[in-house]
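# Examining the three-dimensional arrangement
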Amino acid sequence: MSEQQPVFTIEKIYVKDLSLEIPNAPHIFLDREVPEINMQLSTQGGGIEGDIYEVMLTITVTSRIKEKTVFLIEAHQAGIFRIRNVPGNDIDPVLGIVCPNILFPYLRETVSDTVVRAGFPPVILNPVNFEAIYHQKKQPTESKTEKAQQTSETESVH
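Predicted, not measured: the structure shown is a model, and the values here were computed from it.

## Digging into the overall build of the protein
- The secondary structure content of the protein amounts to 2 helices and 4 strands.
- The buried share of the protein, reckoned over its 158 residues, is 30%.
- Long-range contacts, defined here as pairs at least 24 residues apart, represent 69% of the contacts in the protein between residues at least 6 apart.
- Entry remark: accessible area of the protein is about 10,500 Å², with carbon and sulfur atoms responsible for 50%.

What follows is the structure, encoded as structure tokens:
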């Protein structure tokens, strides 16, 4: 009996939500100081139905000059993926590493394009190591599970 080959396909990539705020316009365009850029990025993913999954990257980019906000962008870049014949314990890394790596260039383009259309120089997002982020997220959970197992083993020995 032969096993079926794993299937991974991109069904759709889209901007789920996009927000731009320039609270200090038009005066902020006259300021010549170099702004500080801050970025926060998160990922989430899960099943929609059957072998269909959605993964979404959410980024918040804030540009400030001292205490003044130059601009604030929040973007949700999402994708729908079909994942079939993949063992259950391998789905999570696909959703946490593979899919975000596919979505990130689209998110980078969305942010840069939005910033330019707002009248500012482009913001180019640096590459992100989604594998490291995935393992970092999993590590505290695994450590807690291991500690709980050790504690229960210790308690059962006494």
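## Details of the sheet that holds strand β3 (residues 52–65)
- On the basis of which strands lie adjacent, the open sheet formed by 4 strands has the order β1-β4-β3-β2 and antiparallel pairing. Looking at which strands have only one partner, the edges of the open sheet turn out to be β1 (7–21) and β2 (36–49). Neighbour-to-neighbour, the strand axes of the sheet open up by a mean angle of 15 degrees, direction not taken into account.
- As defined by bridge partners, β2 adjoins β3 across 13 bridges and the pair is classed as antiparallel.

## A look at the pairing of strand β4 (residues 68–84)
- In this sheet, β4 lies alongside β1 in antiparallel orientation, the contact comprising 13 bridges. Bridged to K12 within β4 is I80.
- Where β3 and β4 come together, 14 bridges link them in antiparallel fashion. Paired with T60 across the bridge in β4 is E74.
- Counting the residues between successive antiparallel strands, the hairpin from β3 to β4 contains 2 residues, one of them, K66, with a positive phi of roughly 55 degrees.

## What to know about the confidence of the model for the protein
- For the protein, per-residue confidence averages 89 on the pLDDT scale, and 86% of positions sit at 70 or higher.
- The least confident element of the protein is helix α2 (residues 130–157), whose mean pLDDT is 63; the most confident is β3, at 98.
- Taken as a whole, residues 150–158 scores under 50 in pLDDT and shows 0 contacts with residues more than four places along the chain or in a different chain.

## Focus: a nonpolar patch on the surface
- Together, F8, I10 and V98 make up an exposed nonpolar region whose accessible area comes to about 230 Å².
- Its place among the elements puts V98 in helix α1 (residues 88–117).
- Classification of V98 by relative accessible area gives partly exposed; the value is 35%.

Reading the values: the criteria
- Residue numbers restart at each chain and count upward from 1, following the sequence in its written direction.
- The model is predicted, so local features are restricted to residues of pLDDT at least 70 and side-chain atom pairs to those at 80 or more, both for listing and for counting; the totals for chains, interfaces and linings are taken over all residues.
- Excluded from the side-chain calculations are hydrogens and water; all other atoms, namely the structure's heavy atoms, are used.
- Numbering of helices and strands starts at the N terminus; helices are DSSP runs of H or I of at least 4 residues and strands are runs of E of at least 2.
- Burial classes: relative accessible area under 20% of the type maximum marks a residue as buried, over 50% as exposed, and values in between as partly exposed (1.4 Å probe, protein chains only).
- Residues are treated as being in contact if the distance between any of their heavy atoms lies within 4.5 Å.
- Using a 1.4 Å probe, accessible areas were evaluated by the Shrake-Rupley method; residue-level cover was limited to the displayed protein chains.
- A pair of strands is considered paired only if DSSP assigns at least 2 bridges between the two.
- Working convention: axes come from line fits to C-alpha atoms, limited for helices to the stretch in contact. Angles between N-to-C directions cover 0 to 180 degrees.
- Predictor confidence is given residue by residue as pLDDT, running from a minimum of 0 to a maximum of 100.
- Like-charged residues are merged into a patch within 9 Å and nonpolar side chains (Val, Leu, Ile, Met, Phe, Trp, Tyr) within 5 Å, provided each residue has over 30% relative accessible area and no salt bridge.
- Basic side-chain nitrogens of Lys or Arg form a salt bridge, by our definition, when they fall within 4 Å of a carboxyl oxygen of Asp or Glu.

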